Amino acid sequence: MEPMPTRARPAPPDADAPAREVRRLSSLLEVSQALSGTLNLKASLHRVLEILARHHGALRSIVSILDADGDLRVEASDGLGDHSRHVRYRIGEGITGKVVQSGKPIVVPRVSREPSFLHRAAPRPELAHQELSFVCVPIVLNRRAIGALAIDLRYKPERNFERHAKFLGVVASMIGQAVKIQRLIEEDKRRLVDENTHLRQELRERYDFSNFVGSSGSMRQIFEQVTQVAGTNTTVLLRGESGTGKELIAHAIHYSSLRARKPFVKVSCAALPDSLIESELFGYEKGAFTGAEARKKGRFELAEGGTLFLDEIGDVNLATQVKLLRVLQEREFDRVGGTETVKANVRLVAATNKDLERAIAAGTFREDLYYRLNVFTIFIPPLRDRKADLVPLVDHVLEKFAREHKRSIKRISTPAIDMLASYHWPGNVRELENTIERAVLMCDGEVIHGHHLPPSLQTAEASGTVTRVSLRDAVGAYEKDLIQDALKTTRGNCARAARLLDATERIITYKVRQYGIDAKRFRS
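Analysis parameters
Residues numbered from 1 in each chain as written. Predicted model: local features only at pLDDT ≥ 70, side-chain atom pairs only at ≥ 80, totals over all residues. Heavy atoms only, no water. Helix = DSSP H or I, 4+ residues; strand = E, 2+ residues; numbered from the N terminus. Buried < 20%, exposed > 50% of the residue type's maximum accessible area, 1.4 Å probe, protein only. Contact = heavy atoms within 4.5 Å. Areas by Shrake-Rupley, 256 points an atom, 1.4 Å probe, with all protein chains shown as cover. Core = buried A, V, L, I, M, F, W, Y, C linked by side-chain atoms within 4.5 Å. Axes fitted to C-alpha atoms, helices over the stretch in contact; angles between N-to-C directions. Parallel < 35°, antiparallel > 145°, perpendicular 65-115°, else oblique. Left-handed = near helix turned anticlockwise from the far one by under 90°. Salt bridge = Lys/Arg side-chain N within 4 Å of Asp/Glu carboxyl O. Pairing = 2+ DSSP bridges.

Asks: Any chance you could break down the overall build of the protein for me, citing the residues and the numbers?
Replies: A count of helices and strands for the protein gives 19 helices and 15 strands. Counting over 524 residues, the protein shows a buried share of 44%. Residue pairs in contact within the protein that sit at least 24 positions apart in sequence constitute 68% of those at least 6 positions apart. When the accessible surface of the protein is summed, it comes to about 28,700 Å², and 51% of that surface belongs to carbon and sulfur atoms.

Asks: Give a description of the nonpolar core that names residues and reports values.
Replies: Counting 32 residues, the largest nonpolar core has L52, V63, V135, L149, L168, V171 and I175 as its most contacted members. Among the elements of the structure, helix 1 (17–36), helix 2 (41–56), strand 1 (60–66), strand 5 (132–141), strand 6 (144–154) and helix 4 (161–206) are those that each provide at least two residues to this core. Sort the elements by how many residues they give to this core and helix 4 lands first, with nine residues. Beyond its immediate sequence surroundings of up to four residues, L149 is in contact with L49, L52, I62, V63, V135, C136, V137, I139, L168, V171, A172 and I175. Core analysis: the next-biggest nonpolar cluster, separate from the first, contains 30 residues, V267, L310, V316 and V342 among them.

Asks: Explain the packing of helix 12 (residues 390–404) against helix 14 (residues 428–442) to me, using residue names and the numbers behind them.
Replies: The relative placement of two packed helices is expressed as an angle between their axes plus a distance between the axes. Orientation of helix 12 relative to helix 14, taken along the N-to-C sense of each, is 50°, at an axis distance of 9 Å. When the interaxial angle is binned, helix 12 and helix 14 end up oblique. Seen from above, helix 12 lies across helix 14 with right-handed handedness. On the side of helix 12, the interface is formed by L390, L393, V394, V397, L398, K400, F401, A402 and E404, while helix 14 contributes V429, L432, E433, I436, E437 and V440.

Asks: Help me get a handle on the pattern of salt bridges, residues and values and all.
Replies: Scanning the model with the defined rule gives 32 salt bridges in all. Close ionic contact of E75 with R73 constitutes a salt bridge, the shortest N to O distance being 2.5 Å. A relative accessible area of 27% places R73 in the partly exposed class. We note a salt bridge from K511 to E479, for which the minimum N-O separation is 3.3 Å.

Asks: Requested: an account of the sheet that holds strand 2 (residues 72–78), with residues and values cited.
Replies: The strands making up a sheet associate through backbone hydrogen bonding, with each pair oriented either parallel or antiparallel. Here six strands make up an open sheet; going across it, the order is 3-2-1-6-5-4 and the pairing antiparallel. Single-partner strands in this sheet number two, and they are strand 3 (88–89) and strand 4 (106–108). Pairing of strand 4 with strand 5 involves three bridges; the strand directions are antiparallel. Its bridge partner lying in strand 5, V107 is registered against V135. Across the sheet, helix 2 touches strand 1, strand 2 and strand 6, and the angle it forms with strand 2 is around 55°. Packing of helix 3 (residues 94–102) onto the sheet brings it into contact with strand 1, strand 2, strand 4, strand 5 and strand 6, and relative to strand 5 it is tilted by some 30°.

As structure tokens, then:
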């Protein structure tokens, strides 16, 4: 027969009642502080059970929570052996299982007379011959029982079990809220971990070698060098003009290395004034200077275990160069205003567009630091020296910005390609990206033409292609460009090209011979 919730006879008024109420209220305050004082749910539950033992005579107590399999497992216990952590109940099994199943408290005044009591949690030897009372209340969350709080008390005939059950119900309600907060925190952690993993994978894919555009000999050599050095901890020096993609190479080195799961921290040395660069790199202690109200970690500490990318290192002042030399030699540094030595486990990748040899001769760059940085140097050629990569780069950038700006642009006309190819690109790939993005925004059709390009590419003086031509030659060149563009569209079919240009096939064939156009090269 199932045990029924026991309603004890009302106890007569006594003088100790106010003291007991004060004790219960102070216990609830302690329970609240225990549950809110830490994010470690197990530790806070242990403190709650200790409070029940200390102030309310709980000889043994246990908190059981439903797990993912739908079984009740012990989350915390007091007065029980270590093996109690492995005790499990199914819903509806024993007193605890029935409390969770029904969502209602159950009181067993005399455990020895209750056949449904399982005794699964082994008793303490000193309690083996004592008569005990058992009170179990549900832990409710969102109107559903998710666990149970149970305690053993010494049996006293005069004990008011209804009052005990109500008090434990309040404690169980507070535990339910603590479980809810814990679950929300765990869900946030899982979401952040998943998001972090997703973002790391995105970065790894973005800077993978397969996404690099370039098939020229110089670019193939760079890929080989990056592959050789990525798996080591060697300091790398990237040299090349501004806009050649030094930061992209630095990212590729990091995300192909053993440090890929650690931070990649970038510092633009040219953007930091001399008065701030030291504190930014190495951090500072509280009170190191006016405004230093707390200790701040520098970039070396933030990049711990990962890669620190020092862009434009040629602009670092001599005083900071001394500290950088120490980090490279000793792998340690001191914060500004501090005396504690900090170890640096960082892989350094530096980049510059300056002639460091000339800076050494001028006394603006330390020679010993140069030799420390110049362990593995990668030279990145300017865009004008790798014209074989221009068309693939243009196609890649065009696709990128067409997708970003939601434009249906299919290609770039032949005259526009010729304009891009004849330009000397002082700003390198960065200038090329800006040029193509502007053309995408200016274009209102599916083909980018020469007039969509910036004036700098259309002006002979700016592109270094000044020539003296007659009007007849200029018109002929324009006519040749139109015919070439039409042949490209029709894959070398002169008849279709003639229809596109509203001309006859005979005229187009004559012009092809006149201008020496090879129509066959457009058929592939």
